[in-house]
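Per-entry structural report
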Amino acid sequence: MSAICEKIDPLQGIFGGRPRARLDGIIELWHDHRTPIIFCALIVLVVIRIFIHRIEETEPLKALPKQFEQKIDPLTAAKKSSGVNSENTIAKSNGPRRIKGGITKKPSTGKEEQFDKSRPIKVAVFFSSVTTKTERIAQQYLNALGKVADRLSCETPREFLKPELYDLTEIDFEDFFVSPAKTAENAHLFYLFLIPSYNIDTINDTLLQHLEETHHDFRIDTAPLASLLGYSVFGFGDKEGWPDETEGYCFQAKEMDRWMSKLTGRKRAYPIGMGDMKSDHVERFEEWALGIQEVIAYVASSGSLGDGVPGSGDAVESDAEDVAEEDDGEVLFEDDASGDNGESPRPLDDVEDLGRMIRTSDGNGTPAKGKKAPLAVDFTSYGSSSTKKRTPTAPVIKEMVAKNSPTYAALTKQGYAIVGSHSGVKICRWTKSALRGRGSCYKYSLYGINSHQCMETTPSLSCSNKCVFCWRHGTNPVGTTWRWVVDPPEMIFEGVKENHYKKIKMMRGVPGVRAERYAEALKIRHCALSLVGEPIFYPHINEFLAMLHAERISSFLVCNAQHPDQLAALKAVTQLYVSIDASNKDSLRKIDRPLHRDFWERFQRCLDILREKRFRHRTVFRLTLVKGFNVEDEAEGYAQLVERGLPCFVEVKGVTYCGTSTSSNAGLSMSNVPFYWEVCDFVKALEQRLKARGLKYGIAAEHAHSCCILLASERFLVDGKWHTHIDYKRFFELLEERGPDGDWTPEDYMGEPTPEWALWGNGGFDPRDDRVDRKGRKIENVVVREAPPPESW
């Protein structure tokens with residue numbers, strides 16, 4: 001009884017005791033009985049939930065208003081009453097609609113607005129001028145443009161009206177820039193602007209403000225000038241007052257280009273041109289005018305600015321820099337093709353996966369769904385009892401990359417243009433960067449190549465290695481012998497040029513592309529045979545090289561030191577690379593994953609051949625550093641390889657990680673990418689090892705942006721100055737004078753001294769350009785060549 005009283009005492013405190021006593025009573029009661037209380041509460045909640053669920057099954061909630069009840073149409077009710085299954089019938093509700101995010105795409109009716117070829121074309125030229133210089137140029141250009149219009153009227157089926165000139169100070173902006181100007185002939189209009197930039201208040205400021213207000217006016221369509229055929233801007237500036245674009249050079253012309261792009265729905269027909277009134281404006285304006293003439297002629301014949309690709313009037317308007325997922329950052333805009341039943345096909349990781357993707361076919365040759373491919377069984381008998389004679393059959397020669405193959409789909413999705421059955425071309429991200437004035441690749445710093453005039457291609461997509469750091473996702477074919485159809489070199493040469501120029505023209509409408517560099521890019525001057533695969537694997541590689549040289553296109557050929565016979569037979573090359581990815585046999589097997597069983601012997605033989613060619617070709621060892629694979633304590637091994645091959649140059653570059661599943665499967669991650677200071681330490685150690693062996697090499701140049709450093713033979717150190725650049729004109733002269741088998745040395749076409757900014761210790765960034773972040777903002781070039789202190793790690 002006393003125990004019971006003790007349990008009741010706290011309850012009495014709750015109602016009659018002091019606050020402190022009541023609180024103590026509640027706490028004591030909870031500690032003594034919390035387990036049964038929680039258990040009972042759970043049971044009550046479960047019972048209530050079961051009760052509510054049963055009520056919902058027997059009858060709907062009557063508390064809901066009628067407008068929220070489901071409305072069933074008579075047809076659905078009839079189907080239910082007749083026993084017809086109506087599970088797929090969508091019931092409509094009278095309740096509030098749910099708002100879904102995203103843009104609603106209208107179904108295609110096949111009646112999209114077509115370009116009316118019966119309407120004439122008229123060019124409107126707008127200009128502003130304070131000192132009348134721009135006005136005189138505009139008048140002269142109008143006369144020349146009139147002659148072009150007359151000629152195009154005769155050469156094309158379209159009628160070109162006489163172009164008109166408009167002074168921005170004498171027109172009403174509402175008539176031209178809120179909607180396209182009205183013409184009596186109902187003509188298609190093409191706008192051109194000649195805009196000098198001033199740091200005083202002029203009509204330019206008024207127009208730019210008007211364009212901005214029009215863009216932000218909610219009463220006006222977001223692209224009110226979208227019906228224009230296109231537009232382009234040329235700016236006149238003064239580099240004495242504003243040395244570069246970041247300091248205001250042609251700043252008002254750039255603003256005009258930006259706002260017109262927004263108002264026209266990104267119909268930039270040609271990159272903005274810029275010329276200095278005190279130096280090169282005549283030359284720059286002629287380049288721009290010639291480009292405009294070509295664009296107008298194309299519009300007249302096709303009715304569009306391009307093939308509907310980004311950069312030809314349909315470019316993504318953004319100030320952000322393209323994110324380079326790979327070394328060349330090709331941006332793709334195609335939607336992934338859906339497989340059967342709406343499923344997306346699995347990306348092809350390697351040619352070895354082809355066997356898993358093969359499906360059996362029916363009698364018509366079409367794939368049969370739901371059937372697995374039969375196992376590959378070898379019925380060949382090797383015993384002596386096999387006496388039956390077999391009729392020999394000719395081997396079937398297949399295409400390396402057939403157009404209906406998964407390999408073709410994977411490579412084209414990555415941005416490659418496949419030429420023939422085994423060649424490819426792809427625009428490099430450094431080419432796009434150089435076109436926009438955002439930096440060139442290391443070849444410009446080290447050897448003087450203009451990145452925007454460089455074509456990256458290969459006549460053989462097949463390779464005999466499967467390197468762990470390959471940024472081609474393992475989608476290219478592999479093989480140890482050529483067993484495919486051989487395309488003629490003439491077809492390959494014309495095909496790669498055509499597709500390269502197509503890709504360059506895709507950049508025409510991209511923001512920031514410089515008109516003068518775009519015009520230069522339409523004339524290929526260099527060819528990097530390093531895209532993917534093994535170029536010297538192609539049986540007619542010498543004929544292909546001869547075609548390049550005949551058009552004065554320099555050749556930079558990269559091989560992987562696995563084809564010594566082809567390397568020995570190679571004729572004149574502007575610069576010959578050999579990839580040296582490891583210093584010993586075990587490391588080479590892990591990194592390159594070669595297919596040849598005698599890969600190490602082939603590798604060493606290639607080094608011996610390179611030693612023989614060192615007085616005939618500019619030879620280069622290309623070292624790709626992969627931390628954890630070939631960096632630690634391997635400088636001595638690399639020094640031995642350099643001593644064996646004695647190349648003219650040794651390029652040391654940190655690996656570029658592309659973040660693919662192929663790389664991760666090979667054990668590669670971002671932790672394997674060395675910092676630049678680690679590459680610097682390795683190069684310094686390698687230089688010391690070379691000097692200890694009596695080899696005369698020194699650190700000559702660098703391109704920190706690419707994490708690349710160049711060691712050069714002192715053959716190229718003249719009067720205390722490094723000469724790593726190439727005299728391309730002299731190379732072609734030697735080739736024409738003495739032929740591809742002529743007698744000359746790399747010193748015979750050695751160029752001018754390496755520029756000061758490219759030498760070791762100066763960073764190597766192109767001084768013509770500006771480094772920018774992903775928002776387009778200028779950033780300083782900060783190069784870290786020393787290891788940071790441990791406390792900062």
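Check the entry above for the structure.
Calculation rules
Residues numbered from 1 in each chain as written. Predicted model: local features only at pLDDT ≥ 70, side-chain atom pairs only at ≥ 80, totals over all residues. Heavy atoms only, no water. Helix = DSSP H or I, 4+ residues; strand = E, 2+ residues; numbered from the N terminus. Buried < 20%, exposed > 50% of the residue type's maximum accessible area, 1.4 Å probe, protein only. Areas by Shrake-Rupley, 256 points an atom, 1.4 Å probe, with all protein chains shown as cover. Salt bridge = Lys/Arg side-chain N within 4 Å of Asp/Glu carboxyl O. Pairing = 2+ DSSP bridges. Axes fitted to C-alpha atoms, helices over the stretch in contact; angles between N-to-C directions. Contact = heavy atoms within 4.5 Å.

**Here's the deal with the overall build of the chain**
Helices and strands together make up the secondary structure of the chain, namely 22 helices and 19 strands. Each of the 793 residues in the chain was classed as buried or not, and the buried ones make up 47%. A total accessible area of about 42400 Å² is found for the chain, and carbon and sulfur atoms account for 53% of it.

**Remarks on unusual backbone geometry**
Among all residues except glycine, the phi angle is most often negative; among peptide bonds, the trans geometry is most common. If you check the backbone angles, Arg 266 has positive phi at about 65° while not being a glycine. Here Arg 266 lies in the loop between α7 (251–263) and β7 (273–276). We classify Arg 266 as partly exposed; its relative accessible area is 35%. One non-glycine residue with positive phi stands out, namely Asp 719, at about 55°.

**Digging into the pattern of salt bridges**
By the definition in use, this model includes 30 salt bridges. Arg 689 is the partner of Glu 636 in a salt bridge, and the nearest nitrogen-oxygen pair spans 3.6 Å. One end of the pair, Glu 636, is in helix α19 (residues 635–645); the other, Arg 689, is in helix α21 (residues 676–692), and 53 residues separate them in sequence. We classify Arg 689 as partly exposed; its relative accessible area is 33%. With a shortest N-O distance of 3.3 Å, Arg 730 and Glu 733 are connected by a salt bridge. In this pair, Arg 730 and Glu 733 both sit in helix α22 (residues 728–738), 3 residues apart, roughly one turn of the helix. Linked by salt bridges that have partners in common, Asp 280, Glu 283, Arg 284 and Glu 287 make up one network.

**Topic: the sheet that holds strand β3 (residues 121–127)**
Strands in a sheet are paired, the pairing made by backbone hydrogen bonds, and the direction either parallel or antiparallel. The strand order across the open sheet built from 5 strands is β4-β3-β5-β6-β7, with neighbouring strands paired in parallel fashion. In this open sheet, the two edge strands, each paired with only one partner strand, are β4 (164–167) and β7. Between one strand and the next, the sheet's axes are offset by a mean angle of 20°, whatever the strand orientation. In the packing of helix α8 (residues 281–302) onto the sheet, contacts are made with β3, β5 (188–196), β6 (230–237) and β7, and the angle to β6 comes to roughly 175°.

**Some details on the environment of Cys 250**
Looking at the secondary structure, you find Cys 250 in the loop between β6 and α7. With a relative accessible area of 1%, Cys 250 lands in the buried category. For the pair Cys 250 and Phe 234, spaced 16 residues apart in the sequence, the C-alpha separation amounts to 9.0 Å. Apart from the residues within four sequence positions on either side, Cys 250 is in contact with Ser 197, Gly 235, Phe 236, Gly 237 and Met 274.

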